[in-house]
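The residues making up each chain are set out below.
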Amino acid sequence: MEQDSPILEVRRVTKRFPGVLALDGVSFDLRPGEVHALVGENGAGKSTLIKVVTGVYRPDEGQILFNGEEVTFAEPRESQAAGISTIYQEINLIPLLSVAQNVFLGREPRNSLGMIDKARMNRDAAEILERYGIRADVTAPLRSLGLGVQQMVAIARAISVDARAVIMDEPTSSLEAREVETLFGVIGQLREEGVGVIYVSHRLEELYEICDRVTVLRDGRVAHTGDLAELSRLQLIAHMLGRELSEVQEEGATGFGGEHETAREPVLVAQSLSQRPRLHEVSFDVHPGEVVGLAGLLGAGRTETAKAIFGAEPIDSGSVRVEGKDIKTGSPGAAIRAGIAFLPEDRKLEGIIPDLSVRENIVAAALPKLARAGLVSEKAQDDLVEEFMQSLGIKASSPNQPVRELSGGNQQKVLLARWMCMNPKVLILDEPTRGIDIGAKVEIQKLVDDLAAKGLGIILISSEVDEITEGSDRVVALRDGTVVGLLSEDEITESNLMALLAHGEDSGHGGQETREDADG
Amino acid sequence: MDSGARPNKSLDASTVTSWVRGRGVYVAFVVLVIFNLIVTPNFASVVTLSTLLITVSPIVLVSLGVALTIGTEGIDLSVGSVMALASAFLPLYLGYGWPVGLSVALLVGVLAGLVNGSLVAFVGVQPIIATLAMLVGGRGLAQIFAGGQSLPVTDPVILWLGQGRLFGLPAPVIVAAVAVLVVGFLVRRTTFGRYVVAIGGNRSASYLSGHPVRRTLLAVYVISGLLAALAGVVATARLGASDPSNIGLLIELSAITAVVVGGTPLSGGRVKVVGTVMGALLIQLISNTFIANDLPFTWAQVLTAAIILVAVYLQKGRGVV
């Protein structure tokens, strides 16, 4: 049958970047008429694989076969010409041009004089959109359409070039439910036409709805390939997170100790936080001395929840209360004054100010406190910096060293110092140990424990399962921006957590309080 | 980095480059002064020195403001037009006394800064576009308000700002020196100065540290507008008449050059106040040198261009351009 000869085949491809092995002997194949899910957590190598296939990167080792022949694409244009279309998460179209102009960008139909045949272009574009059930005025400028429709136009453009393989990177992230239906219709059509579709998404429902096979990447390697129907959600998540279901987990892999004494009155209450389409009615509370883990897969809304509480992103509705008082949402300044601290996930992008010194980075948040009438007190500043460089063991040649020269672990400690010197009541840690060496990792985990012991309320976000299960006193599980369950004390086990992430409220573990919040 | 086999040599080279990087503008300035002492007749005279300082004063004033905007990863292209606006308004209200005339002229600069700053901080227009609009529109407005003509300024207090002396020091130089001290103090000792470099260094991080990002941006453009207006007043006073068509023409280019050559990276995150002053002195000294030695001025422009490229190249080594 046709299925025996794949459209696209990746053979033992390896791709190295300075200090990172992004792909390590990855093999992958795409058959005609199949929808192949490509999944994995952050840094698993999904984007690198796509970029290798489309010619953005050259593989260091291994081969790529397209229609049975070995190919080397020097740039994305060549892979496109060969018949591989890619639809990126962000829309790569020109907002001011019309829908038809966008669909035919770069390959406009010409008349006998060599001029663009506008009438034919509009007619053909309308026909293409019609064929896939996309409703839009082809003469309207693209930007006058909703994001979802724009995404559909991008898809129409990609498939109208007679592609043999279509790569869709999170195509539904900006689509409404109804548009997702249309997209699935389009994918069904492509499948009938014998086109192979690589479908990247972390929404499990979608995968099970339209994908035939799945390849799970983890740390640059293929963790699993096979028919999706034969894989339970739990197994899929286990592959993504690198856990064996039968594996008995020993405690002590992390620097976290046991449970903490927690007070009765919550220090922080997040009530019905909504930020459509990413968060829906997220509610939970944190008690002093308690570590609350926010668990979820990529895109579940963990960082969004943290940023909503901290005021770094505006929210549609909901409230945040600290020690019983409502705080102004959408303002980090107000959150900080109320005693909330937030260590962001992306240290480089949102944390350090690279060219400023260790000293200036540490006191960044405390500046208003250290200043009188807008004047910075050097003495108060130096005392604080010295205290925290010592207590956290920050290794720098001097407080004046630019923070960019420090190791990842030390940069993270500088950021922790920035917040600890504020004496916060609530500390939100978004992936505090990502990308730092094991020594610093254990130190930071211990520190989190100590801080909780001192009575801080801590919200811990981590993609590492053991960090969540060992570090947390309670776990709030998120899926698609909704709280799907709650685990406390003895319920916090890896298998319970994975069950929640896989099935949400029908898993039967905890989550009673939040169940009515979660929509079916 | 590429010569791993010769660690000592590469270390030396990088030490030298990093030393020059921090002090390049001083080195260039000293070299040029020595050159002038040898070549230019009557260079080491009070007259030469005071001419240099007086001519450079307006450039220093606007450069300080531009340095602050560049420090936040922005830019202010409108300084020349704001000078023209201040120049146009100064004579219009001098009839009510010099305090009124001066206040109105400075207020016009503050208003221009408020417009620039609001566009940048609240509307989210790119600084280069917002201030480009003010560059184009500001001079037009200045000419409209001045009725397309040059008006004389006769108020003695205002004239003193351009032509007077105190303890033998020319007044424009005193005004510029005070501005340097104030801006230097702002940058080094106040929370505002910290916010400026934090916003320029990493705007998200600054915002997430609770810094008042929008307010700071607004303030930066207002200060730049105020300093430009002050420069416009000084230049008008020196001429003894308003001249909205010519005052401050193309000064934004000198200012950006002074700032960049002085070691403030265009990508923001740092503000070099003294470096900016030296940068302004350097480019003024280059053109003075060419004029004093009867060399074609066009070559001064070529040399300035070369210095800009070297400055930018040295910054690039740190990956900041």
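Residues numbered from 1 in each chain as written. Chains lettered and ligands numbered in written order. Predicted model: local features only at pLDDT ≥ 70, side-chain atom pairs only at ≥ 80, totals over all residues.

A closer look at the overall build of chain A
So, point 1. Per the secondary structure count, chain A includes 19 helices and 22 strands.
So, point 2. Burial status across chain A gives 48% buried among its 520 residues.
So, point 3. Across chain A, contacts joining residues at least 24 apart in sequence account for 67% of those joining residues at least 6 apart. (Helix = DSSP H or I, 4+ residues; strand = E, 2+ residues; numbered from the N terminus. Buried ≥ 20, exposed ≤ 12 C-beta atoms within 10 Å, placed from the backbone. Contact = placed C-beta atoms within 7 Å.)

Considering the overall build of chain B
So, point 1. For chain B, the helix and strand inventory stands at 13 helices and two strands.
So, point 2. In summary, chain B has a C-alpha radius of gyration of 20 Å against a globular reference of 20 Å for 321 residues, a match within 12%.
So, point 3. In terms of principal-axis extent, the alpha carbons of chain B reach across some 75 × 55 × 35 Å.
So, point 4. The buried share of chain B, taken over its 321 residues, is 49%. (Rg over C-alpha atoms; globule rule 2.2 N^0.38 Å.)

Overview of the environment of A:Tyr199
Residues and elements named next belong to chain A.
So, point 1. With respect to the helices and strands, the residue Tyr199 is situated in strand E8 (residues 196–200).
So, point 2. By the C-beta count within 10 Å, which is 24 here, Tyr199 ends up buried.
So, point 3. Tyr199 sits 30 residues away from Asp169 along the chain, and the two C-alpha atoms are 6.5 Å apart.
So, point 4. With sequence-adjacent residues up to four places away left out, Tyr199 is seen in contact with Val35, His36, Ala37, Leu38, Met168, Ile210 and Cys211.

Topic: the UniProt feature "transmembrane region" (unreviewed entry) in chain B
Residues and elements named next belong to chain B.
So, point 1. On the UniProt side, "transmembrane region" (unreviewed entry) is annotated at positions that read residues 24–43, 49–70, 128–146, 166–187, 218–241, 247–266, 273–291 and 297–314 here.
So, point 2. Taken end to end, residues 49–70 is 100% helix and 0% strand, and its first and last C-alpha atoms sit 29 Å apart.
So, point 3. Annotated as residues 218–241, this span is 92% helix and 0% strand, and its ends, taken at the C-alpha atoms, are 31 Å apart. (UniProt positions renumbered as here; feature names shortened; annotations may be inferred.)

Let's talk about the packing of helix H3 (residues 79–89) of chain B against helix H10 (residues 213–239) of chain B
Residue and element names in this part refer to chain B.
So, point 1. As a packed pair, H3 and H10 sit with axes 7 Å apart at the nearest point and diverge in direction by 55°. The angle between H3 and H10 places the two elements in the oblique class. Considering the relative orientation of H3 and H10, their crossing is right-handed. Counting all contacts with H3, which are made through Val79, Val82, Met83, Ala84, Leu85, Ala86 and Ser87, the residues of H10 involved are Ser224, Gly225, Ala228, Ala229, Ala231, Gly232, Val233, Ala235 and Thr236.
So, point 2. Of the residues belonging to the contact of H3 with H10, the class tally is eleven nonpolar, five polar and no charged. (Axes fitted to C-alpha atoms, helices over the stretch in contact; angles between N-to-C directions. Parallel < 35°, antiparallel > 145°, perpendicular 65-115°, else oblique. Left-handed = near helix turned anticlockwise from the far one by under 90°. Nonpolar A, V, L, I, M, F, W, Y, C, P; charged D, E, K, R; others polar.)

A closer look at the domain arrangement of chain A
So, point 1. By domain assignment, chain A separates into domain 1 (1–83 + 164–245), domain 2 (94–162), domain 3 (265–339 + 424–520) and domain 4 (351–423).
So, point 2. Domain 2 of chain A and domain 4 of chain A are separated by 53 Å when their C-alpha centres are compared. (Domains from an automatic or database assignment.)

With respect to helix H15 (residues 408–420) of chain A
All names here are of chain A.
So, point 1. For H15, built from 13 residues, the straight-helix expectation of 18 Å at 1.5 Å per residue is met to within 8% by its first-to-last C-alpha distance of 18 Å.
So, point 2. Most of H15 is tucked away, with twelve of its 13 residues classed as buried.
So, point 3. Among the residues of H15, Gly409, Asn410, Gln411, Gln412, Lys413, Val414, Leu415, Leu416, Ala417, Arg418, Trp419 and Met420 are the ones counted as buried. (Expected span 1.5 Å × (residues − 1).)

Section: the interface of chain B and chain A
So, point 1. At the interface, 19 residues of chain B touch 24 residues of chain A.
So, point 2. Counting residues per element, the ones that place at least two in the side of chain B that touches chain A are helix H8 (191–201) and helix H9 (203–208) of chain B.
So, point 3. Class assignment for the residues of the side of chain B that touches chain A results in seven nonpolar, nine polar and three charged.

What about the pairing of strand E19 (residues 426–430) of chain A?
Successive residues of a regular strand alternate their side chains across the two faces of the sheet.
Residue and element names in this part refer to chain A.
So, point 1. Of all five residues in E19, five are buried, a share of seventy percent or more.
So, point 2. Every second residue of E19 is oriented toward a common face, with Val426, Ile428 and Asp430 on one face and Leu427 and Leu429 on the other, all of them buried.
So, point 3. Judged from the four bridges that link them, strand E16 (residues 340–343) and E19 form a sheet pairing that is parallel. Directly across from Leu343, in E19, lies its bridge partner Leu429.
So, point 4. With five bridges joining them, E19 and strand E20 (residues 457–461) adopt parallel strand pairing. Looking across to E20, one finds that Leu427 is bridged to Ile458.
So, point 5. In this fold, E19 hands off to helix H16 (residues 438–453), which returns the chain to E20; that crossover is right-handed. (Pairing = 2+ DSSP bridges. Right-handed = clockwise from strand over helix to strand, strands pointing away.)

A closer look at unusual backbone geometry
Residues and elements named next belong to chain A.
So, point 1. Even without being glycine, Ser272 reaches a positive phi, approximately 50°.
So, point 2. Within the secondary structure layout, Ser272 lies in strand E11 (residues 268–275).
So, point 3. At Ala373, a residue that is not glycine, the phi angle is positive and equals roughly 50°.

A few points about the confidence of the model for chain B
All names here are of chain B.
So, point 1. On average, chain B scores 89 in pLDDT, and the residues at 70 or more come to 91%.
So, point 2. Confidence, read as mean pLDDT per element, is least for helix H1 (residues 7–39) in chain B (72) and greatest for H10 (97).
So, point 3. Confidence drops under pLDDT 50 across residues 1–10; counting only partners more than four residues distant or on other chains, this segment forms two contacts.
So, point 4. The ipTM assigned to the predicted complex is 0.80, against a pTM of 0.73. (pLDDT = per-residue confidence, 0-100.)

Some details on the sheet that holds strand E1 (residues 8–17) of chain A
Note: strands within a sheet are paired through backbone hydrogen bonds, in either parallel or antiparallel orientation.
All names here are of chain A.
So, point 1. Strand order across the open sheet formed by four strands is E2-E1-E4-E5, with antiparallel pairing between neighbours. In this open sheet, the two edge strands, each paired with only one partner strand, are strand E2 (20–30) and strand E5 (69–70).
So, point 2. In the packing of helix H1 (residues 46–54) onto the sheet, contacts are made with E1, E2 and strand E4 (61–66), and the angle to E2 comes to roughly 65°.

Observations regarding the sheet that holds E16(A)
All names here are of chain A.
So, point 1. In space, the six strands of this open sheet follow the order E16-E19-E20-E13-E21-E22, with mixed pairing throughout. Where the open sheet ends on each side, the last strands, each with one partner, are E16 and strand E22 (482–488). Strand-to-strand twist in this sheet, taken as the mean axis angle between neighbours without regard to direction, amounts to 20°.
So, point 2. Contacts from helix H9 (residues 302–310) reach strand E13 (291–295), E16, E19, E20 and strand E21 (474–479), with the element oriented near 150° to E19.

Examining the environment of A:Glu127
So, point 1. Checked against the element boundaries, A:Glu127 lands in helix H4 (residues 118–131).
So, point 2. Counting along the chain gives 115 residues from A:Glu127 to A:Arg12, while the straight-line C-alpha distance between them is 41 Å.

Some points on the pairing of strand E9 (residues 213–218) of chain A
Residue and element names in this part refer to chain A.
So, point 1. Of the pairings in the sheet, the one linking strand E3 (residues 35–39) to E9 comprises four bridges and is parallel in character. The residue bridging Val39 from the neighbouring strand is Val216, located in E9.
So, point 2. As judged from the six bridges shared by E9 and strand E10 (residues 221–227), these two strands associate in the antiparallel manner. Its bridge partner being in E10, Val216 is matched across the sheet by His224.
So, point 3. Hairpin connection, E9 to E10: the antiparallel pair is bridged by two residues, and Asp219 has positive phi, about 50°.

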